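Observations on chain architecture
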Amino acid sequence: MLAIARHDNRYQPWLNALTPHIPAAAVPDIQNPDEVTMLLCWKPDANVCARFPNLKAIYSMGAGVDFLLQDETIPDTVAIGRLVEPTLGQAMFEYALATTLYFTRDLHHYRKQQQQALWQPRRIV
């Protein structure tokens, strides 16, 4: 069985996609933790993996697995991986670019001006 653990409780889209193919349930709804062999997670509660004694693999829904590597309750025998979403890299690049431009082009000042209905160009150095 696959257990899904998310910090934001947005399980339903994943359950809808997975349950026609494999038995899956959200962590709060797991009746028999011994049946869980795989965990799909995104920022799960601390030590959630310790609830599942027959865990064989854990997959991160996010870009990294750092939070899993810090969980000392995960046995060394459990495989850790991440899902590869084709658009994730592009989305991360766009976010980094947008954030860089926001600060290097003083866009936060323009946002304040917008709220005050002002337009006072700033010199970019």
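Everything that follows concerns the structure shown earlier in this document.
Residues numbered from 1 in each chain as written. Predicted model: local features only at pLDDT ≥ 70, side-chain atom pairs only at ≥ 80, totals over all residues. Heavy atoms only, no water.

The subject of this paragraph is the overall build of the protein chain. Of regular secondary structure, the protein chain possesses 4 helices and 5 strands. When the helices and strands of the protein chain are listed from N to C terminus, the series reads β-α-β-β-β-α-β-α-α. Taken against the 2.2 N^0.38 rule, which gives 14 Å for 125 residues, the C-alpha radius of gyration of the protein chain at 21 Å runs more than 25% over that of a compact globule. Referenced to the eigenvectors of the C-alpha coordinate spread, the extents of the protein chain come out at roughly 65 × 30 × 25 Å. Accessible area for the protein chain stands at about 8,800 Å²; split by element, carbon and sulfur atoms hold 55% of it. Taken together, the 11 basic and 12 acidic charged side chains of the protein chain have centroids lying 16 Å from each other. (Helix = DSSP H or I, 4+ residues; strand = E, 2+ residues; numbered from the N terminus. Rg over C-alpha atoms; globule rule 2.2 N^0.38 Å. Areas by Shrake-Rupley, 256 points an atom, 1.4 Å probe, with all protein chains shown as cover. Lys, Arg positive; Asp, Glu negative; His and termini not counted. Charge placed at Lys NZ, Arg CZ, Asp CG, Glu CD.)

The next subject is the pattern of salt bridges. Following the criterion strictly, the structure yields 2 salt bridges and no others. Between D8 and R6 there is a salt bridge whose closest N-O contact spans 2.8 Å. When its relative accessible area of 28% is taken as the criterion, D8 is described as partly exposed. Among the salt bridges present, the one from R122 reaches D106, with a minimum N-O distance of 3.5 Å. Of the two residues, R122 is situated in the segment after α4 (107-115) and D106 in the loop between α3 (88-104) and α4; the sequence distance between them amounts to 16 residues. A residue is classified by how much of its surface remains accessible, and R122, at 35% relative accessible area, is partly exposed. Exposure remark for D106: the relative accessible area of 18% places this residue in the buried category. (Salt bridge = Lys/Arg side-chain N within 4 Å of Asp/Glu carboxyl O. Buried < 20%, exposed > 50% of the residue type's maximum accessible area, 1.4 Å probe, protein only.)

The next thing to look at is the side chain of Q113. As for its position among the elements, Q113 is in helix α4. On the basis of relative accessible area, Q113 is assigned to the buried category, the value being 9%. Those residues in contact with Q113, other than ones at most four positions away along the chain, are L118, W119 and Q120. (Contact = heavy atoms within 4.5 Å.)

Here the focus is a nonpolar patch on the surface. A cluster of nonpolar residues, F93, L97, L101 and L107, forms a patch on the protein surface that exposes about 340 Å² of accessible area. Of all the elements, α3 adds the most residues to the nonpolar patch, at 3 residues. Tracing the backbone shows L97 in helix α3. (Patch = residues over 30% accessible without salt bridge, like charges linked within 9 Å, V, L, I, M, F, W, Y side chains within 5 Å.)

As summarised here, the arrangement of the 5 strands in space is β2-β1-β3-β4-β5, forming an open sheet in which the pairing is parallel. Two strands lie at the open edges of the sheet, namely β2 (24-26) and β5 (79-82), each paired on one side alone. Put simply, the sheet's adjacent strands are angled 20 degrees from each other on average, direction ignored. When strand β4 (residues 57-60) meets β5, the two strands line up parallel, connected through 4 bridges. Across the sheet, S60 pairs through a bridge with R82, a residue of β5. (Pairing = 2+ DSSP bridges. Axes fitted to C-alpha atoms, helices over the stretch in contact; angles between N-to-C directions.)

What follows deals with the packing of aromatic side chains. Following the criterion strictly, the structure yields 3 aromatic pairs and no others. Between W42 and F67 the ring centres are 6.3 Å apart and the planes differ by 85 degrees, which places this aromatic pair in the edge-to-face class. Within this pair, whereas W42 is found in strand β3 (residues 38-42), its partner F67 is found in helix α2 (residues 66-69), the two being separated by 25 residues in sequence. (Phe/Tyr/Trp six-rings, centres within 6.5 Å; stacked < 30°, edge-to-face > 60°.)

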